[in-house]
Amino acid sequence: MAAELKDNELFKGIFESSVEGILVVDHEGSIIRANPSVEKMFGYQAGELIKRQVEDLIPEKFQKNHQGHRMHYAKKPKSRSMGKGIDLWGLRKNGTQFPLEISLSPTSINEKKVVIAFIMDISTRLSALKEAAINSERMNEAQSLAHVGSYVWNLQTNERNWSDEFYKICGLPPGDEKLTVETASQFIHPEDRKDTLAAIDSAIKNQTPYSKNTRFVRPDGTVRFIMAKGKATYDTNGNPLEWFGTIQDITAEKTIENMLYIRNRALAATASGIIICDALQPDFPIIYGNDAFSKTTGYDRDYFIGKNCRFLQGQDKNQKEIKIMATALKQGKGCRVVLRNYRKDASLFWNEVAITPIYNDNKVLTHFVGVQNDVTALKVEEYFKIGQSHVMNMIIQHEPLKNITDKIVETIETAIPNCVGSILLLNKENGTLHKLTVTNLPEGFMNAIEGIAIGPLQGSCGSAAFLKKEVIVTDISNDANWKKYKELASTYNLKACWSFPLFSSNQELLGTFAIYFNTPRKPLAVEREIIFNITQATSVAIEQHNVRTALNKSREELATYAELLENRVSERTTELKDIVQKLVESNLSLEDQIQDTKAAENRALSSQELLGNISKNFPKGFVAVVNSKYELIFMGGEELDELGFRNLADSAITISEITIVPEEVKKKVATNVQKTFEGQHCSFEIYLQSRSYLVNTTPLFDKDKNIVQVLLVNNNITDQKKIEIEIRNTLQKEKELNELRSRFISMASHEFRTPLSVILSATNLIERQNEPGKEDKRLKYVGSIKSSIKNLVAILNDFLSLSKLEEGKVVAQPILFDFIDFSKSLVEEIQGIKKKGQVINLLSNQTIIEVGLDPKLTRHILHNLLSNAIKYSDENKTISYTIDCNDEKLLLTFSDQGIGIPEEEVYQLFQRFYRAKNVTNIQGTGLGLNIVKQYTELMGGNVSFESKLNVGTTFTVELPINLMKNEKNTAN
């Protein structure tokens, strides 16, 4: 402890040069420090007083009483002077005695109570007082109270006289006219003046001695700490006559006392763990540790005082950093390392240790000071970010799912030491979990739990899948979820398991992600954040794999169905043509009928029977025959009754006269009939009564090969048409998806690569700037990392917002709030991202506008438009944000003096992932304005803009002033 006082050079200078004797004594009365003046005063050599009892400096006859006084003082220590009306004596080494005056000041060093004693040899003063007593009783009384400066106050006439030393303590030359009866009290510090004067009045009134510590303020403004004493004389009637007082300048002692107090408080309050080890003792035991060290390690002082700090290493003693540290300690040098340490609860933390050797004036190594910082969060994030970047690249590149999940498990096992990861996939039909990636778990354990059913008390994974929430088991041996599998886990030395369910974007269960440990433990805050991010990446990888698999399967099925449908239509058309041709061939010419009437009649009857059977049984459609006058001479088929066409052929009606057929259909049929009479075979589609028909026309010839009739075969293709539309829609969606994916990959490759490159560069630079004296550079690089991480978070938030909008999960939830105050708060918050010289002007002619809107959606709209104005404007530009309203609407305008938007691109600005060609070198996802538009419309508003290239852009947002029903909106 004595050596610790030497650490402060200022204290040392004051301590060593003080003309007064100074002793530092612990609560047991042992001397732990003595300055040269007190050693000389008592006749001892340098260092001889250390560890002696303070009673060794007191004559034997006073020692027993002094021990009692010291013990009583230790119970209620306070600053005070001694010797007021009491003779105090000291004992020199040679046995001689001498009179003393002592001032006591209690304090604490390293949380141990000590007392600082300021000692003066008053032998000379007492001799002078004795000589003065011969001349005057009054002077004798004054000199008995004199310390440094003295004064006499005639209480009858109010006259005062001050000694030369009194003037000097006040910062004045002796006799200076600035010290008068009227100004004397002004030298007392304003904060002490009232109490000091009251104490003097009380001493005079109660006829008691006066002693008080106070402060004087000199004319130059400097403050001096004063110990003041005084005593009044009285006549035989008890009336006060004169006041005799002294003052002593104790500024130096007070400075030392304050310095010790501040230093001890600073050590205790610092956020870094600090320990001091004794280098003069074997094994360098810890002799001091502050509160931060106890908080970081979990050990209290009673445990670690007297131990070597290697107890923090646990069983993990093969670290190269430990060897580096041991070499430095052996050579008496300083070093800085980052190593793995373990808290009292056995949890791991990364400890950055800086060791500094302390040498005394004789260049002897006396102590080591260790400064420790818990850098677990930084170390874990460092490992995690490297792995996460690789995982994201693999997902974007559509690498196989197994490769991605293997990398995910490798990443988590690197980021969180001594853990083993697993990823299980859900079989929806059976409700069981099956291994996907379990690289380092014991094979016997995985075989035993393969296909585990999801449900309550089914270990961590089965329970997490059943409950659809995380299940953190910190001690498997005492957890009900592991009751069935406790012995299995014990066999393979598995003591803790944290399991997290994996969900798709529409919250369907995909599987589980789990981490196992061979010691009981719970997750740290930084580990929870890492696990959250890694489970999100795992869910994305699995869902992307499932979507890609389903899409490929759908493509194959669509291709097969389309080919089958085409073949069926072709076959049916061929069959119908064959049937019609048979009908044509069955009709004999009129001349042949005359020549062979009976044969003709028989053929006619046969043909009529055949035609009747065909017309009656023609499946899913109908057939018709028209003559050259476009008259219907024959119709047949299953659907005639449903269409209302049954009697049309009997009425010799022309195509144009059919009233139940739309004009455009009749015109289309007549046109194709005309082409068929010209010798063409036509195929076209018509739409009748919510049905689609494929019409094939065939010319019918007479015996002279002249076209006299046209056959129309109408196939009902409504079902095929629906399938075709579905196929077209699916292909169109796939095309749009591919376009969005291409734009997303292009954007994400750029927007993720830029901040990740910054982070990688900054971490490399931090690694190279890891020596003392380069803290500012490291802070600069850390700032770059934080900024890049914020950009990544903003991008991911945009993706999340877009996903929720597409799924219909975003619903406006209005509440009443003051829009002016809301806007001021947001503008204040966004000040931190402004460029140099940029100014944001918030303009409104109203002080309060109460609105009923969704604050989260509104905040996103305002933040996006203001941040865009900042981002796309140069330095030293002004951005205006204007708020206005009427009874129904809130009107907001955002104007900047930025780069503007090319005229040919303004119509595409609100599309997803779209970015104008003049902003390719400025960070952005192309999602912000699309989300702004959708959020605005969700609240019943609209957004528009005007822009001029290289001049600026103004966005206007109109919102209803109150979305809430049965609420009275106000605008004051």
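- As recorded by an unreviewed UniProt entry, the chain carries the name histidine kinase and is attributed to Cyclobacterium qasimii.

1. Quick word on the confidence of the model for the chain
- Taken over all residues, the pLDDT of the chain has a mean of 80, while the share at 70 or more is 78%.
- Of the regions scoring below 50 in pLDDT, residues 1–6 engages in 19 contacts with residues more than four places distant in sequence or in other chains.
- In the predicted structure, residues 966–972 sits below a pLDDT of 50 and forms 16 contacts with residues beyond four places in sequence or in another chain.

2. Considerations on the packing of helix α26 (residues 855–871) against helix α27 (residues 928–938)
- Contact pair α26 / α27: the axes reach a minimum separation of 9 Å and the direction vectors enclose 145 degrees. Of the two elements, α26 crosses α27, and the hand of that crossing is left-handed. Mapping the contact onto sequence places L857, H860, I861, N864, L865 and N868 in α26 and G928, L929, I931, V932, Y935, T936 and L938 in α27.
- Looking at the contact of α26 with α27 residue by residue, the classes come out as eight nonpolar, five polar and no charged.

3. Quick word on the sheet that holds strand β31 (residues 878–885)
- Read from one edge of the open sheet, five strands run β29-β31-β32-β34-β33, paired in mixed fashion. The sheet terminates laterally at β29 (839–844) and β33 (942–948), the two strands that pair on one side only. Along the sheet, successive strands turn relative to each other by an average axial angle of 15 degrees, direction set aside.
- Both β33 and strand β34 (residues 952–960) contribute to a ladder of seven bridges, which runs antiparallel. The residue of β34 that forms the bridge with N942 is E958.

4. Some remarks on the side chain of S422
- Checked against the element boundaries, S422 lands in strand β17 (residues 419–427).
- Not counting chain neighbours up to four residues away, the residues in contact with S422 comprise T437, V438, L441, T512, F513, A514 and Y516.

5. A look at the nonpolar core
- Residues F819, I849, Y881, L890 and L892 are the most contacted members of the largest nonpolar core, which totals 41 residues.
- Put simply, the parts of the chain that give this core at least two residues each are α25 (819–829), β30 (850–853), α26, β31, β32 (889–895), α27, β33 and β34.
- Sorting elements by how many residues they give to this core places α26 first, with seven residues.
- With near-sequence residues (within four places) excluded, L892 lies in contact with F819, L862, Y881, T882, I883, F955, T956 and V957.
- If you look at the next biggest cluster of nonpolar residues, it comprises 29 residues, including I408, I416, L510 and V526.

6. With respect to the pattern of salt bridges
- Per the counting criterion, the structure on display carries 24 salt bridges.
- For the salt bridge of R52 with D56, the shortest nitrogen-to-oxygen distance reads 3.7 Å.
- Look at R52 and you get partly exposed, because its relative accessible area is 31%.
- A salt bridge links R859 to E829; its shortest N-O distance comes to 2.2 Å. Residue R859 is found in helix α26, and its partner E829 is found in helix α25; the two are separated by 30 residues along the sequence.
- The exposure class assigned to R859 is partly exposed, which follows from its relative accessible area of 32%.
- The exposure class assigned to E829 is partly exposed, which follows from its relative accessible area of 46%.
- The structure contains a network of salt bridges with shared partners spanning E191, D192 and R215.

7. A closer look at the environment of I286
- The residue I286 is located in strand β13 (residues 286–289) in this model.
- Once the C-alpha coordinates of I286 and G306 are considered, the two residues, 20 residues apart in sequence, prove to be 5.1 Å apart.
- Ignoring sequence-local partners within four residues, the contact set of I286 consists of I275, I276, C277, F304, I305, G306, K307, C309 and F311.

Calculation notes
- Residues numbered from 1 in each chain as written.
- Predicted model: local features only at pLDDT ≥ 70, side-chain atom pairs only at ≥ 80, totals over all residues.
- Heavy atoms only, no water.
- pLDDT = per-residue confidence, 0-100.
- Contact = heavy atoms within 4.5 Å.
- Axes fitted to C-alpha atoms, helices over the stretch in contact; angles between N-to-C directions.
- Helix = DSSP H or I, 4+ residues; strand = E, 2+ residues; numbered from the N terminus.
- Left-handed = near helix turned anticlockwise from the far one by under 90°.
- Nonpolar A, V, L, I, M, F, W, Y, C, P; charged D, E, K, R; others polar.
- Pairing = 2+ DSSP bridges.
- Core = buried A, V, L, I, M, F, W, Y, C linked by side-chain atoms within 4.5 Å.
- Buried < 20%, exposed > 50% of the residue type's maximum accessible area, 1.4 Å probe, protein only.
- Salt bridge = Lys/Arg side-chain N within 4 Å of Asp/Glu carboxyl O.

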